[in-house]
Amino acid sequence: MEGAKKQAGKTLAERLPGERVPSVGRGAVARMLLVAALLTLALNYVAVRLSPPAKRSFDGMVVERKWQLAGTSDAEIVVVGDSSGNFGADAAVLGSELGADAVNLCTYGRFQIRGAAWMLERVLDARERPPALVLVVLGARTFALSPDGFTFAQLPLGPLAFRGGSLAPALPARHALQFVAARALPLFAQSTSFGRALRTGEWEPDLSRLVIEDDGTARIPAANPRAVPRFADRTIAEYGAVEGDVPSSAERAAARALVRAADERGFDLVFATSPIWEEMATRPEHVAFEGRVRAFLEEACAVTERARVLPGDAPRFSADELENPFHVTPDAAGTYSKEVARRLRALGLPRAAR
Amino acid sequence: MQFNSWVFPLFFALVYAVYLGLGARRVRAQNAWLLAASYLFYGYWDPRFLGLLAVSTAVDFTIGRALARATDDERRRKRLVTASVLVNLGILGFFKYFDFFITETATLLEAMGLSPSVTTLRILLPVGISFYTFQTLSYTLDVYRRRMEPTRDLLGFALFVSFFPQLVAGPIERASRLLPQIESPRSVTASKVQAGLWLLVWGYFKKTVIADQAQVIAGPLFAADASTLSGLEPFTAVLAFTIHIYCDFSGYSDIARGLAKLMGFEFMLNFRLPYFATGPSDFWNRWHVSLSTWLRDYLYIPLGGNRGGHLSTYRNQFLVMALGGLWHGAAWPYVLWGSYHGVLLVIERAWLDVRGLDPRRPLGRAAEWTRIVLFWFPTLIGMAIVRCASVDQFVGLITHSGPELTARAADGLAHLAFFTWPLVVVQLLQHASKDLLVPLRAPVPLRGALLAALLLGMLVFGVREPAEFFYFQF
């Protein structure tokens with residue numbers, strides 16, 4: 001290597017770039033930072049005015065629509081949970097099978113139980129008496145995801161709303177900081193969709209790819225069987241990467257708050273497992289992970305007869321009926337919802353209209 | 001704690017505020033504060049390995065003091081420096097290479113028809129051990145060679161070993177450069193702050209936007225069975241990894257150097273536009289400079305350097321590069337990668353020797369650019385070697401390459417082009433001006449706009465999930 005250095009000699013030394021620190025004063029640095037800060041904030045403001053997050057991504061559309069429904073629906077059966085419930089719980093089928101109106105307020109996994117709790121809190125705040133039945137649909141993968149403040153910033157809530165209500169615990173400090181950053185710099189919160197829009201020029205999502213019915217049921221237009229095994233492998237890897245308790249302590253607190261609310265407010269609460277790809281359901285890693293989730297939920301529900309875990313294994317589907325191991329197509333959603341309704345009826349739910 | 005984690009900005013904001021609050025007059029208080037912060041930074045990852053840092057520090061400080069006392073006793077001095085080398089390389093060898101050599105020996109014995117009963121220790125590799133071991137070793141070696149006076153300041157020395165900006169992934173600082181900065185007051189000037197901020201933002205941009213997005217392309221292609229790839233897909237995979245590893249590692253170095261500048265320190269340059277290299281020796285003047293100069297000073301020259309004949313020079317060049325490869329990781333791809341670069345250096349040297357060419361002859365612009373472009377091919381092959389998990393995968397990538405632009409390759413290349421063009425533009429300016437800080441020569445509004453563009457780029461395109469820096473595994 002010494003030889004190599006000498007080979008290059010002066011010529012190499014001349015070719016090599018160096019670092020010449022320009023001499024500046026404090027004022028110039030301050031002005032540079034001011035220009036950078038103003039431009040960053042201004043462009044965030046303009047970009048979000050031109051293209052609001054809720055109009056730019058499917059996630060944003062789902063959250064906005066469900067939040068709006070949570071404040072206006074008076075359905076007796078309320079479904080909250082993750083994207084497996086968003087696509088799997090067909091509110092119309094559930095309603096007709098159970099003889100009461102149903103609304104699907106599921107969003108997606110990163111909201112976890114806390115997100116479901118905030119959604120339910122809005123439902124309870126908006127009406128005089130609680131719904132008869134609250135169904136919480138969560139796929140096992142949801143408990144392997146890490147929530148963050150960017151996700152919660154998509155809920156149309158101010159930061160003070162996250163101090164911790166009767167159902168959902170307060171945001172931890174790290175998430176609160178992320179929440180504030182996402183609000184101050186909204187491009188950050190919606191970076192994925194905004195980035196995609198910049199790259200592709202598609203500023204508005206193609207609504208034919210995601211239909212949200214009036215009752216909140218979201219529909220996937222087509223299965224994607226080739227992607228299902230790949231997604232399953234990724235999920236198994238995510239299970240393996242989880243450290244600590246399953247569910248996390250924050251999720252445990254949120255689940256216990258839901259159970260307590262069911263007992264105190266007088267509604268029935270049922271945790272249901274999501275629809276799942278038949279091959280995923282038998283993977284030992286999945287069985288073990290889901291077992292940990294289920295064991296906790298059963299323990300949490302044991303304190304009141306108002307709360308329970310839906311008996312039986314998760315309804316299974318072939319890859320031809322799925323977009324990923326937990327997202328079913330509309331036909332399969334009908335099948336899943338009928339099966340869930342059958343099990344609810346077997347439990348005597350919903351109770352007779354009050 | 002990673003630079004791209006959410007906790008790091010909070011950590012640094014607190015450290016920096018107290019550091020500035022203490023003021024340059026209270027150097028020892030500042031050093032004590034930085035030492036505490038550095039141990040917290042390292043312990044946040046795994047507190048069990050703080051003991052190793054402390055052992056390295058205590059051993060080399062003690063040996064340094066003993067070397068000072070044994071001024072005229074050359075045999076004792078040799079024994080002392082040997083002890084330092086054995087302790088440091090012993091720790092490194094145990095944690096980094098023990099399992100590798102046990103496993104490889106067992107494989108060899110099995111190939112010979114024997115059935116060895118082998119137990120590996122499943123040793124967890126302490127992050128950054130390769131970096132701080134080499135750094136602290138440079139101290140005892142330089143004291144032994146009388147290139148610097150041993151320090152009496154244990155606090156300063158402990159900070160030299162553990163200083164958090166460069167603790168886990170370099171640059172590998174020399175004691176003769178960093179210790180004097182630690183032991184005397186630092187001045188935090190507006191010029192340094194501006195340069196530090198630029199390095200910080202540019203480093204984060206390279207990591208979160210370019211490197212992590214390139215990894216989005218490279219990761220799945222390298223994870224796939226090589227036989228399922230076709231056309232330009234292998235090329236796309238290797239190109240994406242080549243961009244990923246450079247932006248990841250140089251991004252880390254920029255962040256480290258930026259943090260140091262903000263606190264009034266100066267770290268050595270670690271990257272000098274390596275993808276503008278005109279040949280193998282030029283490449284190693286530009287890539288991971290703190291390691292290549294370390295290997296030159298503490299391995300190549302003691303081996304004899306180029307003081308012997310041609311053959312001994314070639315041997316030394318090859319050996320140093322092969323060992324440099326092994327430094328990167330206890331796995332054959334790293335050894336092969338180092339050896340490959342050793343062969344490239346030997347070929348270049350031999351070609352110059354045979355042709356009787358003066359390596360210092362000036363190159364015209366056309367010749368320079370021709371060499372830059374041509375040297376990309378061996379560079380890409382080297383990157384494929386280091387990234388492939390096995391020889392089979394490497395052969396698979398080569399045999400399944402072709403000129404067809406498949407849809408997957410087109411998508412990957414377009415994705416890469418979209419995220420890499422800022423790097424190309426900035427580096428062309430840096431190359432033309434020979435000044436890595438050339439963006440700071442723009443007028444104030446333009447500098448502000450450039451910073452804003454980088455910040456907005458990170459907001460919109462930065463990969464939000466903190467992805468570990470590639471060089472952490474070394």
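Attention in this report is confined to the structure presented alongside it. (Residues numbered from 1 in each chain as written. Chains lettered and ligands numbered in written order. Predicted model: local features only at pLDDT ≥ 70, side-chain atom pairs only at ≥ 80, totals over all residues.)

1. Section: the overall build of chain B
Step number 1: Within chain B, the secondary structure is distributed over 17 helices and zero strands.
Step number 2: In summary, chain B has a C-alpha radius of gyration of 23 Å against a globular reference of 23 Å for 474 residues, a match within 12%.
Step number 3: If you line up chain B on its principal axes, its C-alpha atoms span 65 × 65 × 50 Å.
Step number 4: Within chain B, buried positions represent 46% of all 474 residues.
Step number 5: Residue pairs in contact within chain B that sit at least 24 positions apart in sequence constitute 75% of those at least 6 positions apart. (Helix = DSSP H or I, 4+ residues; strand = E, 2+ residues; numbered from the N terminus. Rg over C-alpha atoms; globule rule 2.2 N^0.38 Å. Buried ≥ 20, exposed ≤ 12 C-beta atoms within 10 Å, placed from the backbone. Contact = placed C-beta atoms within 7 Å.)

2. Quick word on the interface of chain B and chain A
Step number 1: Between chain B and chain A, the contact holds 56 residues from the first and 43 residues from the second.
Step number 2: Those elements that provide at least two residues to the side of chain B that touches chain A are α8 (190-223), α10 (280-284), α11 (289-300), α12 (310-328), α13 (332-355), α16 (407-433) and α17 (444-461) of chain B.
Step number 3: In terms of residue count, the dominant contributor to the side of chain B that touches chain A is α17(B) (12 residues).
Step number 4: Looking at the side of chain B that touches chain A residue by residue, the class counts come to 30 nonpolar, 13 polar and 13 charged. (Nonpolar A, V, L, I, M, F, W, Y, C, P; charged D, E, K, R; others polar.)

3. Structural notes on the environment of Phe326(A)
All names here are of chain A.
Step number 1: When you line up the elements, Phe326 lands in the loop between β10 (322-324) and β11 (327-328).
Step number 2: Counting along the chain gives 106 residues from Phe326 to Ile220, while the straight-line C-alpha distance between them is 12 Å.
Step number 3: Residues contacting Phe326, with those up to four places away along its chain left out, are Ser84, Gly139, Arg141, Ser274, Pro275 and Ile276.

4. Quick word on the pairing of strand β3 (residues 133-138) of chain A
Consecutive side chains of a regular strand alternate in pointing toward one face of the sheet and then the other.
Residue and element names in this part refer to chain A.
Step number 1: Summarising burial for β3: six of the six residues are buried, a large majority.
Step number 2: A two-sided burial pattern is seen for β3, the buried positions comprising Leu133, Leu135 and Val137 on one face and Val134, Val136 and Leu138 on the other.
Step number 3: Both β3 and strand β6 (residues 268-273) contribute to a ladder of six bridges, which runs parallel. Within β6, the residue paired with Leu135 across the bridge is Val270. (Pairing = 2+ DSSP bridges.)

5. Structural notes on the sheet that holds β6(A)
All names here are of chain A.
Step number 1: The parallel open sheet is built from five strands, whose spatial order is β2-β1-β3-β6-β8. The open sheet has two edge strands with one neighbour each: β2 (102-104) and β8 (307-309). For this sheet, the mean inter-axis angle between neighbouring strands, taken without regard to orientation, is 20°.
Step number 2: Contacts from helix α13 (residues 249-265) reach β3, β6 and β8, with the element oriented near 145° to β6. (Axes fitted to C-alpha atoms, helices over the stretch in contact; angles between N-to-C directions.)

Limitation: the analysis is restricted to geometry and does not speak to function.
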